[in-house]
Structure formats: structure tokens, C-alpha cells
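What the coordinates show
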Amino acid sequence: WDTVFISLIASVGEINYYVLMGKERVIEANRMKMIYPICNLVVIGGLVLLKSFDSIRDYVDSLWIAYSISLVYGIFLLRKEYASLYLPTYKEMKESFKTLFSLGALKQAGSIAQTLNYRVSFYILAFLCGSSAVGIYSNACSIGEAVMMFGTSLALVQRGAAKCS
């Protein structure tokens, strides 16, 4: 159950991040995004220094702590928006889902295809070249994703600046 609830907390945190980015509160969004890895490293580092990092449960607890702090900070930043939330009617919900599916289906299909491509490649590489090649390929994919993340972030900021001018 830990995985389900940590995923839920992380998902709400991502929503908070994108709301902040949509409101062009980029610095606050970036601070919120940095809280998770910093808190995670601090908790794990503290456990290592105290010589009490001895099980996977310690890592899971560090995830709980880090994501929870990030979530609380995101809610704090968006407290006015959270105060004005309301439950939509069935008709509004239906219209929202139509819009979401019409605008997001192709993007989501592309993301799923890219993820499946990486995963299938892992199995093919493991079968043909061995596990060491999978590790190298995994690192290369991570570097590629990091490079794409920079471009995506830059495009998002430029789009906001272009929209305002």
C-alpha cells in the first residue's frame, strides 16, 4: 500500500507543479520540485550517518517524508486556489473529460509508446547483449531524458513569455 499512497502524493505534487507553472510562478514551482530530492537525500544521509539505514523500509519512509513535505509546500503555495475549489457537476465533468481526451490522447499515446520503446529495448538488449549493456543503455536513456527535459522546460517558459507579449 505504500507504493499506492506515495504515488498518489507524488501525483498531487505534480499537479501542484503544473498549476504553478501555468500561473507562471516558475521560481516557486522549481523550489517545490527541488524539495523532494533534497529532503530524500537529507533523510537518507541522516540515516547513513546514524548508521541506521539498514533496510528497504528506511528508503520507503524517506520517500513518504520527502513527498509529504513537497506536497504540503505545494498546497501552501496554492492555498488560495485550494480554498476556491469546488466539486463540478456531472455535466461539467463530462465536458472536461471530453476536452481532456480530445486534447491529450495523442500526447499520452506518444508518451506511452516512448516508455514502451525503452522497456522493450531493455529486454531485447538483455537477451542479445547481457545485463551490462542494459545498464549502459539505461544511463544513456536517462541522459537523453534530461536533455529533453531542459528543452521542454525552456519551451514552456518561452511559450508563457510569448503569450504575455
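Worth saying up front: this structure is predicted, and the values here are computed from it rather than measured.

Rules used in this analysis
- Just so you know, the residues in each chain are numbered from 1, in the order the chain's sequence is written.
- Reporting in this predicted model follows two pLDDT cut-offs: at least 70 for local features of residues, and 80 or more for side-chain atom pairs to be given and counted; totals over whole chains, interfaces and linings ignore these cut-offs and use all residues.
- Values reported for side chains reflect all heavy atoms of the structure, with hydrogen atoms and water molecules removed beforehand.
- A helix here means a DSSP run of H or I that spans at least four residues, while a strand means a run of E at least two residues long, and both kinds are numbered starting from the N terminus.
- C-alpha atoms define the radius of gyration in this analysis, and the globule rule sets the expected value at 2.2 Å times the number of residues to the power 0.38.
- Should any heavy atoms of two residues lie within 4.5 Å, those residues are considered in contact.
- Computed with the Shrake-Rupley method and a 1.4 Å probe, the accessible areas treat only the protein chains shown as cover for residues.
- His residues and chain termini do not enter the charge count, which takes Lys and Arg as positive and Asp and Glu as negative.
- The atom standing in for a charge is NZ when the residue is Lys, CZ when it is Arg, CG when it is Asp and CD when it is Glu.
- Pairs were defined over the aromatic rings of Phe, Tyr and Trp, the Trp ring being its six-membered one, requiring ring centres within 6.5 Å. Orientation was assigned from the angle between planes: stacked under 30 degrees, edge-to-face over 60, tilted for the rest.
- Counting as a charge over the ring demands two things of the Lys NZ or Arg CZ atom: a distance within 6 Å of the ring centre and an angle within 35 degrees of the ring normal.
- Here a salt bridge means any side-chain nitrogen of Lys or Arg lying within 4 Å of a carboxyl oxygen belonging to Asp or Glu.
- To define axes, lines are fitted to C-alpha atoms, for helices over the stretch in contact only, and angles between the resulting N-to-C directions are given on a 0 to 180 degree scale.
- Working definition: roughly parallel below 35 degrees, roughly antiparallel above 145 degrees, roughly perpendicular at 65 to 115 degrees, and oblique for all remaining angles.
- Crossing chirality is assigned from the near helix's rotation relative to the far helix, an anticlockwise turn below a right angle marking it left-handed and a clockwise turn marking it right-handed.
- All amino acids are sorted into three groups, where Ala, Val, Leu, Ile, Met, Phe, Trp, Tyr, Cys and Pro are nonpolar, Asp, Glu, Lys and Arg are charged, and the leftover types, Gly among them, are polar.
- Consider a residue and the seven residues that end there alongside the seven that start there; fitting an axis to each set, the bend is the angle between those axes.
- Throughout this description, the term nonpolar core refers to a set of buried Ala, Val, Leu, Ile, Met, Phe, Trp, Tyr and Cys residues connected via side-chain atoms within 4.5 Å.
- Relative accessibility decides the category of a residue: with a 1.4 Å probe and only protein chains considered, values under 20% of the type maximum give buried, values over 50% give exposed, and everything between is partly exposed.

With that settled, the discussion passes to the overall build of the protein chain. Secondary structure summary: the protein chain contains 6 helices and 0 strands in total. Counting from the amino terminus, helix and strand elements in the protein chain follow one another as α-α-α-α-α-α. Taking 2.2 N^0.38 as the reference for a compact globule, 165 residues should give roughly 15 Å; the C-alpha atoms of the protein chain span a radius of gyration of 20 Å, well beyond that estimate. With the principal axes as the frame, the protein chain shows a C-alpha extent of 50 × 40 × 35 Å. By sequence separation, contacts in the protein chain at least 24 residues apart represent 59% of the contacts at least 6 residues apart. For the protein chain, the exposed surface amounts to about 12,400 Å²; the carbon and sulfur share of it is 71%. Across the protein chain, 15 positive and 11 negative side-chain charges occur, with their mean positions spaced 8 Å apart.

All chains considered together, the criterion is met by 4 aromatic pairs. Note that lysine 33 overlies the ring of tyrosine 17, its terminal NZ or CZ placed 4.6 Å from the centroid. The cationic tip of arginine 79 hangs over the ring face of phenylalanine 76; the distance from NZ or CZ to the ring centre is 4.2 Å.

For the structure on display, the rule yields 6 salt bridges. Of the charged contacts in the structure, one is a salt bridge between lysine 33 and glutamate 14, with a shortest N-O distance of 2.3 Å. Of this pair, lysine 33 sits in helix 2 (residues 26–49) while glutamate 14 sits in helix 1 (residues 2–22); the two residues are 19 residues apart in sequence, bridging distant segments of the chain. Between arginine 25 and glutamate 81 there is a salt bridge, and its shortest N-O distance comes to 3.6 Å. A residue pair is termed long-range when its members are at least 10 positions apart, and arginine 25 in the loop between helix 1 and helix 2 and glutamate 81 in helix 4 (residues 79–83) qualify at 56 residues. By sharing partners, the salt bridges in this structure join Lys23, Arg25, Glu28 and Glu81 into a single network.

Another point: the packing of helix 1 against helix 2. Where helix 1 contacts helix 2, the axes come no closer than 8 Å and their chain directions differ by 160°. When the interaxial angle is binned, helix 1 and helix 2 end up roughly antiparallel. Viewed along their axes, helix 1 and helix 2 form a crossing whose handedness is left-handed. Residue-level inspection shows Gly13, Glu14, Asn16, Tyr17, Leu20 and Met21 of helix 1 in contact with helix 2, the latter providing Val26, Glu28, Ala29, Asn30, Met32 and Lys33. Residue composition of the contact of helix 1 with helix 2, grouped by class: 6 nonpolar, 3 polar and 3 charged.

On to helix 5 (residues 90–129), then. Along its length, helix 5 reaches its greatest deviation from straightness, about 50°, at glycine 104. With its phi angle positive at about 100°, glycine 130 sits one or two positions after the end of helix 5.

Attention now goes to the nonpolar core. Counting 7 residues, the largest nonpolar core consists of Tyr17, Leu20, Met21, Ala29, Met32, Leu77 and Leu78. Going through the elements one at a time, helix 1 and helix 2 are the ones with two or more residues in this core. Among the elements that take part in this core, helix 1 stands out by supplying 3 residues, more than any other. Contact partners of alanine 29, with chain neighbours within four places excluded, come to Tyr17, Leu20 and Met21.

Relative to the elements of secondary structure, serine 68 occurs in helix 3 (residues 56–77). On the accessibility criterion, serine 68 (27% relative accessible area) is partly exposed. Here the alpha-carbon distance between serine 68 and tryptophan 1, two residues 67 residues apart in the chain, equals 16 Å. Leaving out residues up to four positions away in the same chain, serine 68 has contacts with Ile9 and Leu63.

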